[in-house]
Amino acid sequence: MAKRGRRQPSEPKPFFWISLQGKSKPQKDEPVPHDRFSGWSGRIELEIEVCSDYLYVGSGNFDLFPLQGKDQARYTFARRNGHLVIPGTGIKGVVRSVVEAISNSCVLLSAREERGPGSHRPCNDPDNLCPACRLFGTTGYRGRVHFSDAVPVGNAETTTIKIADLWRPKRFEGRKFYQTKAFQPQDMRPQKNYRFLEVVPKGTRFRTTLFFENATTAEMGLLVRALGLALHMNKEGTVVYAFPLKIGGAKPRCLGSVYFHPKKIQVLSVTGANLFQSLLTGGDYQGTKQMLEWLADKSLVDQEAWAEFREKAKPQTGVPCPKEVY
Ligand SMILES: [Zn+2]
């Protein structure tokens, strides 16, 4: 164990901060009411592709797996009715955190010990909300964005890896995000302060549906960017994958990088009689053209934070992720 005061040279940490220093207070506004249709409602069918070495989504359960002739406990991947699943609420949380960062919204802290600056405290007036709370909801206001639970496309095989235990850092330097780096395998010897995880490997695909209701074009522009999609910097009319998102657990071990591939966009037509027809048929099919229209609206995007995020979240697949305690 490392002695206090004598710090060992540590491996570069696999996360980055989007600083809040010098940021103005979030631009708050009245949220869109739910009682009538306005703006964009519909759904985007998405495929989630694991692009890091592994993805781990915890279930809170253990099982036993055979290791060197003995039963060994491991943390299992989440399942529903016996099938692997990524809960939609978890996907929503990840997309929300990117929206928060790129729209200068309030900071919803998950860890109680982390303290954000007063300027970005969580919104508490349901009639006056930051962009992220308006779109994703908060106490007293139901959000207008939801994800279905993601299920595997085809057969998804799991495997078992070993990682060193993790400790939650206590300091706060802004909004924290994990990078995409190369997982460093451990030997499979059972050891104190190490754990086994049931994971799915790179290339595994899941399918989810993103539902949105009564969203403005500016909100759709934010949402699509927060899925890691962006306009090509030089080639007009082209949508590119700007960065992977991080979902699930063991992110400090560089697990959980995923790309969101839009497969189908359906928008409900909200003009009078068409609404019922839209609801029956599931809406009109739209493609890249629709994405471009949404991405063209940058009015809710904090351009500085967006550029910073795009740069820092780029995959560094050749760079090793720390394998020990840090
Ligand atoms: Zn807020």
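Conventions adopted
- For every chain, the first residue of its written sequence is number 1, and the numbers climb from 1 along that sequence.
- Restriction of local features to residues with pLDDT of at least 70 applies here, the model being predicted, together with a cutoff of 80 or more for giving and counting side-chain atom pairs; totals for whole chains, interfaces and linings are based on all residues.
- Note: side-chain values were computed over all heavy atoms of the structure, leaving out hydrogens and water.
- Patches here: salt-bridge-free residues with over 30% relative accessible area, like charges joined within 9 Å, nonpolar side chains (Val, Leu, Ile, Met, Phe, Trp, Tyr) joined within 5 Å.
- Surface accessibility in these figures is a Shrake-Rupley result with a 1.4 Å probe; residues are shielded only by whichever protein chains are displayed.
- Between Lys or Arg on one side and Asp or Glu on the other, a salt bridge is scored when a side-chain nitrogen of the former is within 4 Å of a carboxyl oxygen of the latter.
- Positive: Lys, Arg. Negative: Asp, Glu. His and the chain ends are not part of the count.
- Where a charge lies is defined by one atom per residue type: Lys uses NZ, Arg uses CZ, Asp uses CG and Glu uses CD.
- Helix and strand assignments follow DSSP, with helices taken as H or I runs no shorter than four residues and strands as E runs no shorter than two, numbered in order from the N terminus.
- Burial classes: relative accessible area under 20% of the type maximum marks a residue as buried, over 50% as exposed, and values in between as partly exposed (1.4 Å probe, protein chains only).
- Multiplying 1.5 Å by the residue count of a helix minus one yields the expected span of that helix.
- For every residue, the predictor reports its confidence as pLDDT, a number between 0 and 100.
- Contact definition: two residues touch when any of their heavy atoms are within 4.5 Å.
- Only nitrogen, oxygen and sulfur atoms within 2.8 Å of the metal, or 3.2 Å for Na, K and Ca, are treated as donors, and water is left out, so sites may look incomplete.

**Description of a negative patch on the surface**
Then comes step 1: Taken together, the side chains of Asp29, Glu30, Asp125 and Asp127 present a region of like negative charge at the surface.
Then comes step 2: Structurally, Asp127 can be placed in the loop between helix H1 (88-102) and helix H2 (131-136).
Then comes step 3: On the basis of relative accessibility, which here comes to 54%, the residue Asp127 falls in the exposed class.

**Observations regarding the pattern of salt bridges**
Then comes step 1: Under the criterion given, the structure shown has 17 salt bridges.
Then comes step 2: In this structure, Asp165 engages Arg195 in a salt bridge whose closest nitrogen and oxygen atoms are separated by 2.8 Å. With Asp165 in the loop between strand E12 (159-164) and strand E13 (175-178) and Arg195 in strand E14 (residues 194-201), this pair connects stretches of sequence that are 30 residues apart.
Then comes step 3: Since its relative accessible area comes to 15%, Asp165 is described here as buried.
Then comes step 4: Among the residues examined, Arg195 registers a relative accessible area of 29% and is labelled partly exposed.
Then comes step 5: The shortest N-O distance in the salt bridge between Lys314 and Glu311 comes to 3.2 Å.
Then comes step 6: One salt-bridge network, held together by shared partners, links Asp63, Arg74, Arg79 and Glu198.

**Looking at H1**
Then comes step 1: Relative to the 21 Å expected for 15 residues at 1.5 Å per residue, H1 spans 21 Å between its end C-alpha atoms, a close match to the ideal helical length.
Then comes step 2: H1 sits mainly inside the fold: eleven of its 15 residues count as buried.
Then comes step 3: By the burial criterion, the buried members of H1 are Gly88, Ile91, Lys92, Val94, Val95, Arg96, Val98, Val99, Glu100, Ala101 and Ile102.
Then comes step 4: Positive phi appears at Asn104, one or two residues downstream of H1, with a value of about 50°.

**Remarks on the confidence of the model for the protein**
Then comes step 1: Looking at the protein, pLDDT values average 88 and 88% of them are 70 or higher.
Then comes step 2: Long-range and interchain partners of residues 1-7, a stretch whose pLDDT sits below 50, account for one contact in this model, where long-range means more than four residues apart.

**Describing the coordination of the zinc ion**
Then comes step 1: Around the zinc ion, the protein supplies Cys106 (SG), Cys123 (SG), Cys130 (SG) and Cys133 (SG) as donor atoms, at distances of 2.3 to 2.4 Å.
Then comes step 2: Taken in chain order, the donor set of the zinc ion reads C-x16-C-x6-C-x2-C. Of the two residues, Cys123 sits in the loop between H1 and H2 while Cys133 sits in helix H2, which places them ten residues apart along the sequence. Each member of the pair Cys123 and Cys133 is classed as buried.

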